[in-house]
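Survey of secondary and tertiary structure
The chain contents come next:
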Amino acid sequence: MSANTRFPVAIHILAFAAIYPGQCPSERIVESANTNPVVIRRLNGQLKNAGLLRIRNGAAGTELAKPPEEITLKDVFLAVQARENAHLFDTHQRPNPTCPVGGNILRAIRKPLGAAQDAVESALDQYTIAGIVETIRKGMNER
């Protein structure tokens, strides 16, 4: 699963746990997210390690580790992007230092990519799992 899809699926897991507290086994999450069980297990582990999710065996399954109002989308993003050091943009690690472009590219793009990263994190910090759940519940009521 790509980094671009891990993040929305992680939000899905947390929203599901918030909407169905105490009745959230991983099989139900897999069905809801319509993805591979391995993906859910890996994301559950990352969310647990970040202190956002508690995992128990049995029918209760996963549950939020703190109130949904206290979990921002930035928290989720940082939890699941940990493997990439939470950077949106990977840079190639070994450009050719003898080439005028290759020798200067990393220094040239560090500032704009850092600014983009900061803007994304700032925007995500404005939203919580509680807000996501509220929107989902509105959609459930409209059905």
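Residues numbered from 1 in each chain as written. Predicted model: local features only at pLDDT ≥ 70, side-chain atom pairs only at ≥ 80, totals over all residues. Heavy atoms only, no water.

Side note on the nonpolar core
- In this structure, Phe7, Ile13, Leu14, Leu47, Val76 and Ile129 are the most contacted members of the largest nonpolar core, which totals 31 residues.
- At the level of elements, helix 1 (3-19), helix 2 (26-33), helix 3 (37-49), helix 4 (73-80) and helix 6 (129-142) are the ones that each hand at least two residues to this core.
- It is helix 1 that provides the largest number of residues to this core, a total of 11 residues.
- Contacts of Leu14, omitting those with residues within four sequence positions, involve Leu47, Leu52, Leu53, Leu64, Ile71, Val76 and Ile129. (Core = buried A, V, L, I, M, F, W, Y, C linked by side-chain atoms within 4.5 Å. Buried < 20%, exposed > 50% of the residue type's maximum accessible area, 1.4 Å probe, protein only. Helix = DSSP H or I, 4+ residues; strand = E, 2+ residues; numbered from the N terminus. Contact = heavy atoms within 4.5 Å.)

Focus: the packing of helix 2 against helix 3
- Interaxial distance between helix 2 and helix 3 falls to 9 Å at its minimum, and their mutual angle equals 115 degrees. Pair helix 2 / helix 3 crosses with right-handed handedness. Note on element contacts: helix 3 touches helix 2 through Pro37, Ile40 and Asn44, opposite Ser26, Ile29, Val30 and Ala33.
- Among the residues making up the contact of helix 2 with helix 3, the classes are represented as 5 nonpolar, 2 polar and no charged. (Axes fitted to C-alpha atoms, helices over the stretch in contact; angles between N-to-C directions. Left-handed = near helix turned anticlockwise from the far one by under 90°. Nonpolar A, V, L, I, M, F, W, Y, C, P; charged D, E, K, R; others polar.)

Comments concerning the packing of aromatic side chains
- Counting across every chain of the model gives 2 aromatic pairs.
- Consider the rings of Phe7 and Phe77, whose centres lie 5.6 Å apart with planes at 85 degrees: the pair is edge-to-face. One end of the pair, Phe7, is in helix 1; the other, Phe77, is in helix 4, with 70 residues separating them in the sequence. The same class applies to Phe7 and to Phe77, which are both buried.
- Ring geometry for Phe16 against Tyr20: centres 4.8 Å apart, planes inclined by 50 degrees, an arrangement best described as tilted.
- Here Phe16 falls in the buried class, since its relative accessible area comes to 8%.
- Relative accessible area serves as the criterion here: at 25%, Tyr20 is assigned to the partly exposed category.
- The ring of Tyr20 has Arg28 lying over it, and the distance from NZ or CZ to the ring centre is 4.7 Å. (Phe/Tyr/Trp six-rings, centres within 6.5 Å; stacked < 30°, edge-to-face > 60°. Lys NZ or Arg CZ within 6 Å of the ring centre and 35° of its normal.)

Quick notes on the pattern of salt bridges
- Per the counting criterion, the structure on display carries 4 salt bridges.
- Here Arg54 and Glu63 are joined by a salt bridge, their closest N and O atoms 2.9 Å apart.
- On the basis of relative accessibility, which here comes to 42%, the residue Arg54 falls in the partly exposed class.
- Residue classification places Glu63 among the buried positions, given a relative accessible area of 18%.
- The partner of Glu134 in a salt bridge is Lys138, and the shortest N-O contact between them spans 3.6 Å. With Glu134 and Lys138 both in helix 6 and 4 residues apart, this pair spans about one turn of that helix.
- Residue Glu134 is classed as partly exposed on the basis of its relative accessible area, which comes to 47%. (Salt bridge = Lys/Arg side-chain N within 4 Å of Asp/Glu carboxyl O.)

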